[in-house]
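Structure at a glance
Spelled out, the chains give:
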Amino acid sequence: MVSTPQVTTRRQRVALLGATGSIGASTLKVLRQHPDKFELVAVAAQSNWSEMCAIVKEFAPAVCALAEPSSALELRRALGTQSVPTRIESGCDAVAAAASMTEVDIVVAGISGFAGLASTWAAVAAGKRVLLANKEALVAAGRLLLTEAAKSGAELLPIDSEHNAVYQCAGGIECDPQRIRAITLTASGGPFRTRELSTFDTITPLEACKHPTWSMGRKISVDSATLMNKGLEVIEAALLFGRLGADIGVVIHPTSTVHALVEYVDGSVLAHLGPADMQVPIAHALGLPSRLSLDVSPLSLTKLGRLEFFEVDARRYPALPLAYEALRQGQGACLVLNAANEIAVGAFLSEQIRFTDIVPLVEQTLQTFSIREPQSLDDVFALDIEVRSFANELLVQRAVML
Ligand code: NDP
Ligand code: MG
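Residue positions are given per chain, counted from 1 along the sequence in the order it is written. Whichever chain is written first is A, and whichever ligand is written first is 1; the rest continue in order. Since the coordinates come from a predicted model, pLDDT governs what is reported: local features require at least 70, and pairs of side-chain atoms require 80 or more to be given and counted, while whole-chain, interface and lining totals use all residues. Computation of side-chain values: all heavy atoms of the structure, hydrogens and water removed.

Across its full length, the protein carries 16 helices and 11 strands. A compact globule built from 402 residues should have a C-alpha radius of gyration of about 21 Å, and the protein, at 21 Å, falls within 12% of that. For the protein, the spread of C-alpha atoms along the principal axes amounts to about 55 × 55 × 45 Å. Buried, partly exposed and exposed residues are distinguished by accessible area as a fraction of the type maximum, computed with a 1.4 Å probe on protein chains only: under 20%, between the cut-offs, and over 50%, respectively. Scored against the burial criterion, the 402 residues of the protein give a buried share of 54%. Throughout, a residue-residue contact means that at least one pair of heavy atoms, one from each residue, lies within 4.5 Å. Put simply, of all contacts in the protein between residues at least 6 apart along the chain, 71% involve residues at least 24 apart. Surface exposure of the protein reaches about 17200 Å², of which carbon and sulfur atoms provide 52%. Every helix listed is a DSSP run of H or I at least four residues long, and every strand listed is a run of E at least two residues long, numbered separately from the N terminus. Within these notes, the globule rule equals 2.2 Å times the number of residues to the 0.38 power, and the radius of gyration is based on C-alpha atoms. Residue burial considers only the protein chains on display, and all accessible areas are found by Shrake-Rupley using a 1.4 Å probe.

The next thing to look at is the coordination of the magnesium ion (ligand 2). Protein coordination of the magnesium ion (ligand 2) is provided by Asp160 (OD), Glu162 (OE) and Glu233 (OE), with donor distances spanning 2.1 to 2.2 Å. Sodium, potassium and calcium take a 3.2 Å donor cutoff, other metals 2.8 Å, and in both cases only N, O and S atoms count; water is not among them, so sites may look incomplete. Sequence spacing among the residues donating to the magnesium ion (ligand 2) works out to D-x1-E-x70-E. Highlighted residues: Glu162 in helix α7 (residues 161-170) and Glu233 in helix α10 (residues 228-241), separated in sequence by 71 residues.

Take the sheet that holds strand β3 (residues 63-66) next. Within the open sheet, the seven strands sit side by side as β4-β3-β2-β1-β5-β6-β7. Their pairing is parallel. Strands at the two margins of the open sheet, each flanked by one partner only, are β4 (87-90) and β7 (155-158). Between one strand axis and the next, the sheet turns through 20 degrees on average, direction left out of account. Bridge count between strand β6 (residues 129-132) and β7: four bridges; the pairing is parallel. Bridge pairing in β7 links Leu131 to Leu157. Paired strands, in this sense, are two strands between which DSSP finds at least two bridges. Angles shown run from 0 to 180 degrees and are taken between the N-to-C directions of axes, each axis being a line fitted to C-alpha atoms and, for helices, limited to the stretch in contact.

Attention shifts here to the site of ligand 1. Not every one of the 25 residues close to ligand 1 is listed here, only the nearest: Thr20, Ser47, Asn48, Glu136 and Gly217. Here an oxygen atom of ligand 1 sits 2.6 Å away from a polar atom, N or O, in the side chain of Glu136. Summarising the interface, the protein chains cover 87% of the accessible area of ligand 1, which totals 900 Å² for the free molecule. Sorting the residues of the shell around ligand 1 by element identifies α1 (22-33) and α6 (135-152) as the ones contributing at least two each. Three categories are distinguished: nonpolar for Ala, Val, Leu, Ile, Met, Phe, Trp, Tyr, Cys and Pro, charged for Asp, Glu, Lys and Arg, and polar for the others, with Gly belonging to the last. Here the shell around ligand 1 is built from residues that sort into 10 nonpolar, 12 polar and three charged. We call a residue near a molecule or strand when any one of its heavy atoms sits within 4 Å of it. Polar contacts, as counted here, are pairs of nitrogen or oxygen atoms within 3.5 Å of one another; within protein the pair requires one atom able to donate a hydrogen and one able to accept it, and residues that are adjacent in sequence qualify only if both atoms are side-chain atoms.

Let's shift gears to the environment of Ile183. As for its position among the elements, Ile183 is in strand β8 (residues 180-187). For Ile183, a relative accessible area of 1% translates into the label buried. Between the C-alpha atom of Ile183 and that of Ala260, which follows or precedes it by 77 residues, the distance is 7.4 Å. Ignoring sequence-local partners within four residues, the contact set of Ile183 consists of Val166, Cys175, Phe241, Arg243, Asp247, Ile248, Gly249 and Leu261.

Encoded structure:
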């Protein structure tokens, strides 16, 4: 459901899912700057207990959930007899429970990948204000998630920088075609924008994770290098703003200064500019309907000098047309695209396949897997498991062929 956020005076209580990751770190930076406005009451992650230990000591949340039980044990051991009021919970259910606690007002959904769906869903079903970074949840189960939000009264606020930019340029999540003609998302082009195509098969995980403008987790960094990230974002935008793929364009913009543009039916185009720092969209969504001051380096147009935009070269970035095709086919195909991509990126990061094998693996899965439309969350989980095992099978076949 979309509504105008209300002004409140008491501190807003935040649950941070993926607290130990890159979105987690940016959110904590914003929270540190506004202790009078926000209270961190729950944190969750998978296994990084040492990072979590520091977070728990600093913020003393009521609950800390680690999906991996042995890591929760380590965390309890590390905290020892120190007097923190935090209850340490373990397991995937504990992560979802942290997202739906009655004491929580705002949930930052910052877990990476499909692994974030269960907790994002729990937050939505509990009617929270959900700051959505976890785009894979939306790509895999968007229609169901939006229907659930309409039922529960949850507010979905995008903090993916481009979608947050669209939200700001459109004046909300409503992007009615009577008012708005088109949306453009920008893409930096990743680390291989100018690299010789013939050398792509020698790209290493380390090179792929060196993003030129943003500092992010490994999975999204590889997705940014293939431009699958932008493909997932086109699907995310189509779902969030209720538009067709044909209404959503992508341009390469190497400096990531303009994050998105919204073209109105009268020809006016509003663009959102800002530093490439995730604190900015996170602070925007946390602060709604007000603005939070933020200690980030200001954008200097004169230092920047010029803004450059280029068309996307489909030979360099075949993942983007593939994502548009999945969007055209429907929700089931988007789920398949996402699951196959997670398998392929994982295989690349663990050096089982080459960079140039990622997109063909996703494409082959999309073409040969028999896709059906998920009707329920259970369907989504079942389909995701099937696609992963299919894609893993393809990986084995490829390994045999090499
Ligand atoms: P990171 O890899 O940096 O962090 C991932 C976080 O998710 C970690 O806290 C990790 O815990 C946690 N996690 C992973 N699996 C599980 C699980 N099964 N249960 C509980 N927690 C889990 O990723 P990012 O922060 O870069 O990305 C997070 C999401 O935000 C992604 O969906 C990404 O697409 C999106 N996003 C990120 C942006 C960025 O700038 N980083 C920009 C826009 C969107 P642990 O550390 O213990 O493994
Ligand atoms: Mg983005």
